[in-house]
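Here are the chains, one letter per residue:
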Amino acid sequence: MVKFIIGRQLVGKKVVTNDGFDVGRFIDADISPITGKINAFIVEPNMDSNITNKLKIDSGQIKIPYNAVQAVNDYIVIDRKSM
């Protein structure tokens, strides 16, 4: 059975890499108005994390490509190599 998650339930979830680094918290999703598919997750970065220094921060936010997302449950797990 497929489990659907409402976007509202994602807001505030912690985003971590598959090797345990804390990236930040989910804020929003970039969704294509034409196809309705998710292009990227928009994340508020954890500035105390070493990994955020290596990512492009634009207006205080990080865009993580949707293809980097591996799992969504208590945390949003992303593949560090796909970022």
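Above this note sits the structure.
First things first, this report covers the structure right here in the doc.

Procedures and definitions
- Residues numbered from 1 in each chain as written.
- Predicted model: local features only at pLDDT ≥ 70, side-chain atom pairs only at ≥ 80, totals over all residues.
- Heavy atoms only, no water.
- Salt bridge = Lys/Arg side-chain N within 4 Å of Asp/Glu carboxyl O.
- Helix = DSSP H or I, 4+ residues; strand = E, 2+ residues; numbered from the N terminus.
- Buried < 20%, exposed > 50% of the residue type's maximum accessible area, 1.4 Å probe, protein only.
- Pairing = 2+ DSSP bridges.
- Axes fitted to C-alpha atoms, helices over the stretch in contact; angles between N-to-C directions.

**Some remarks on the pattern of salt bridges**
(1) Moving on: Evaluated as defined, the whole model comprises 2 salt bridges.
(2) Moving on: Residue Arg80 is joined to Asp19 by a salt bridge in which the shortest nitrogen-to-oxygen separation is 2.9 Å. You can see Arg80 sitting in the segment after β6 (76-78) and its partner Asp19 sitting in the loop between β1 (14-17) and β2 (22-31), a full 61 residues away along the chain.
(3) Moving on: Residue Lys63 is joined to Asp30 by a salt bridge in which the shortest nitrogen-to-oxygen separation is 3.4 Å. Taken as a pair, Lys63 in strand β4 (residues 62-65) and Asp30 in strand β2 lie far apart in primary sequence, 33 residues in all.
(4) Moving on: Given the relative accessible area of 24%, Asp30 is considered partly exposed.

**Thoughts on the sheet that holds strand β5 (residues 69-72)**
(1) Moving on: Across the sheet, which stays open at both edges, the 6 strands sit in the order β4-β3-β2-β1-β6-β5 with mixed pairing between neighbours. In the strand order of this sheet, the two ends are held by β4 and β5, each with one partner. Along the sheet, successive strands turn relative to each other by an average axial angle of 40°, direction set aside.
(2) Moving on: As paired elements, strand β3 (residues 38-45) and β4 share 4 bridges and run antiparallel to each other. Pairing of Val43 across the sheet is with Ile62, part of β4.

By themselves, these observations are geometric and do not establish any function.
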